[in-house]
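Observations on the three-dimensional arrangement
Take a look at the letters that make up each chain.
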Amino acid sequence: RYRMQSKVILSMTALLIALPAVLFFLTDFADLPIGERILASLFQSVTPRTAGYNTVDLTEMTDASQAVTILLMLTGGAPGSTAGGMKVTTLAVLIANAVAAFRRREDPQLFHRRLEHSAVRNAAAILLLYLGLTFAGAAAISAAEELPLGACLYETASAAGTVGLTLGLTPQLGTLSQSILIL
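Residues numbered from 1 in each chain as written. Predicted model: local features only at pLDDT ≥ 70, side-chain atom pairs only at ≥ 80, totals over all residues. Heavy atoms only, no water.

1. Describing helix α4 (residues 88-102)
Taking 1.5 Å as the rise per residue, α4 with 15 residues should run 21 Å; its terminal C-alpha atoms sit 21 Å apart, in good agreement. Of the residues making up α4, those classed as buried are V88, T89, T90, L91, A92, V93, L94, A96 and A100. Contact partners of the buried residues in α4: α1 (4-27), α3 (63-75), β1 (109-110) and α5 (117-145). Remark: R104 follows α4 within two positions and exhibits a positive phi of approximately 55 degrees. (Helix = DSSP H or I, 4+ residues; strand = E, 2+ residues; numbered from the N terminus. Expected span 1.5 Å × (residues − 1). Buried < 20%, exposed > 50% of the residue type's maximum accessible area, 1.4 Å probe, protein only. Contact = heavy atoms within 4.5 Å.)

Structure (structure tokens):
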């Protein structure tokens, strides 16, 4: 028998590997042989949440795939891991709260266990912190460097999630923009 937190971590991890991998497979890596395409899709669905390695040219990924990668970088790994981000359990609490709201239920639940209101409140605060810092940093870098906001979001999400992935912009940024990423 697994504790609820273990069930949440395992199920969210499986979901956050499978869904992006399918998207990446359908939209990217068409020039690779099928076996390598599957591996590249799986690898790219795992690495933004944990390690920050890349085996493909990230600038060649579609805008949709880059957006999903940004979300994965902000999500991160499980609590207690060395992965950055807001953590998969925080995302699970937010999803459970949204499901409860759509179903017009008073209390959010995960695996038939009611979540405390403080857990939902903390998850919402963490999400707002990550989104606020990421978007503010990206907007400041975009304005200072006259670069597209999407590329700047990618760089700031990588910095906020302590991932290390880049579209190649970070080394070319000025001191102000690099300081924003450091902060």
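2. So, the packing of α4 against α5
Remark: α4 packs on α5, axes separated minimally by 9 Å, with the N-to-C direction vectors making an angle of 115 degrees. Judged by the angle between their axes, α4 and α5 are roughly perpendicular. The handedness of the crossing between α4 and α5 comes out as left-handed. Contact residues: T90, V93, L94 and N97 in α4; A119, V120, A123, A124, I126 and L127 in α5. Residues belonging to the contact of α4 with α5 are distributed by class as follows: eight nonpolar, two polar and no charged. (Axes fitted to C-alpha atoms, helices over the stretch in contact; angles between N-to-C directions. Parallel < 35°, antiparallel > 145°, perpendicular 65-115°, else oblique. Left-handed = near helix turned anticlockwise from the far one by under 90°. Nonpolar A, V, L, I, M, F, W, Y, C, P; charged D, E, K, R; others polar.)

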